[in-house]
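An overview of the molecular structure
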Amino acid sequence: MVDTGWDTPESFAALQRQVREAGLNLKALGRIIITHFHPDHYGLAGRLRQLSGAEIWLHQAEKQFIESRYLRPQVLVQQMGEFLSANGVPQGELDVLQRASLGMLRYVSPAMPDKMLSGGERLSMGQFEFELLWTPGHSPGHVCLYEPDKRILLCGDHLLPTITPHVGLHVQSRESPLDDYLDALDSISRLEIDIALPGHGPSFGRVKRRIEQIRHHHQERKAAILGQVKGEAKTAYQIALGLPWVLESGGVGFQSLSSLDKRLAMTETLAHLESLRRERRVERLSQGTLSFYRRRD
Ligand SMILES: [Zn+2]
Ligand SMILES: [Zn+2]
């Protein structure tokens, strides 16, 4: 199995039903490969291992998050609070935003992995010979599985057909997750793929075209952010306030987002800012504990 879904009764029942319909038995499951540790992909891993004895395989960069996110999240909540505060989130909103992901914990039955992956492995599964590709960005240890003969890509949340995968800079990301992400997109665009099977939404073809659309989206977001910080230094929070969000449905203001989405919007703004900083198009200024960004001209 590649990815498990949330640990909810509905999700588990749907999985059981579909496995049965496919003429298979969940108890016979031997191996669960997790594309990344997010609750919607990893949530049922512990429960499924208990049921079947299957091994859980995960990229080595993801292992640390099981402990820090799912087993002992308090330190992370604290660090996230400091990080959001330094990036301009006002005190009145801080508490809600720093705790915004805690509600996810009840959808996860955590389990430590049995095997750690690093990318480049070849995995034999019945008639398929998958190659494991490390594709950091959406998550530091995100992996895709590629079948070169059958030209199939199992792409987790690295590539999605209708929405752009979230890429955020925060206390647990790598240094420039958006640059990681765009590099990993480049490596995928060099592959011959007839069908991509994503973590959300239907399977799709024309992968190179989809990659171009996503690349274009990030260029547009960078341009919009540059427009926000022209001649004026702003915190990431102030920038996020000035940008449209949920572009797929026409765009809404930051303040109408849920607290979790506000936090994702903040970390996504910061990922673009860090990439722009590396391109020497913006600079970061510190004032006390606050960080500001300004366009370099
Ligand atoms: Zn994800
Ligand atoms: Zn997902």
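For the structure given in this document, a descriptive report is provided here.

The rules we used
Residues numbered from 1 in each chain as written. Chains lettered and ligands numbered in written order. Predicted model: local features only at pLDDT ≥ 70, side-chain atom pairs only at ≥ 80, totals over all residues. Heavy atoms only, no water. Donors = N, O, S within 2.8 Å, 3.2 Å for Na, K, Ca; no water. Tetrahedral: all angles 85-135°; square planar, octahedral: opposite > 155°, others 65-115°. Helix = DSSP H or I, 4+ residues; strand = E, 2+ residues; numbered from the N terminus. Buried < 20%, exposed > 50% of the residue type's maximum accessible area, 1.4 Å probe, protein only. Axes fitted to C-alpha atoms, helices over the stretch in contact; angles between N-to-C directions. Parallel < 35°, antiparallel > 145°, perpendicular 65-115°, else oblique. Contact = heavy atoms within 4.5 Å. Nonpolar A, V, L, I, M, F, W, Y, C, P; charged D, E, K, R; others polar. Salt bridge = Lys/Arg side-chain N within 4 Å of Asp/Glu carboxyl O.

This part is about the coordination of the zinc ion (ligand 2). In this structure, D40 (OD), H41 (NE2), D157 (OD) and H200 (NE2) serve as the protein donors to the zinc ion (ligand 2), at separations of 2.1 to 2.2 Å. Relative to the metal, the four donor atoms surrounding the zinc ion (ligand 2) lie at angles of 86 to 156°, and the coordination shape comes out irregular. In this structure, the zinc ion (ligand 2) lies 3.4 Å from the zinc ion (ligand 1), and both are coordinated by D157. In this pair, H41 is assigned in helix α2 (residues 39-42) and D157 in the loop between β7 (152-156) and α7 (177-189), connecting sequence segments 116 residues apart. The residues H41 and D157 share a single accessibility class, namely buried.

Okay, the packing of α7 against helix α10 (residues 259-278) next. Running from N to C, α7 and α10 point in directions that differ by 80°, and their axes come no closer than 7 Å. For the element pair α7 / α10, the angle class is roughly perpendicular. Residue-level inspection shows P177, L178 and D179 of α7 in contact with α10, the latter providing A271, H272, S275 and R278. Grouping the amino acids of the contact of α7 with α10 by side-chain chemistry returns three nonpolar, two polar and two charged.

Take the pattern of salt bridges next. Inspection of the entire model under this criterion finds 20 salt bridges. Of the charged contacts, one joins R151 and D194 as a salt bridge, the two residues approaching to 3.2 Å between their closest N and O atoms. A residue pair is termed long-range when its members are at least 10 positions apart, and R151 in the loop between β6 (143-147) and β7 and D194 in the loop between α7 and β8 (195-198) qualify at 43 residues. For D194, a relative accessible area of 45% puts it in the partly exposed group. Residues R277 and E274 are paired through a salt bridge, measuring 2.9 Å at the closest nitrogen-oxygen approach. Linking R277 with E274, this pair stays in helix α10, spanning three residues, or about one helical turn. For R277, a relative accessible area of 31% translates into the label partly exposed. Residue class for E274 comes out buried when judged on its relative accessible area of 4%. Shared partners join several salt bridges into a network, and the residues in it are E175, E274, R277, R278 and R284.

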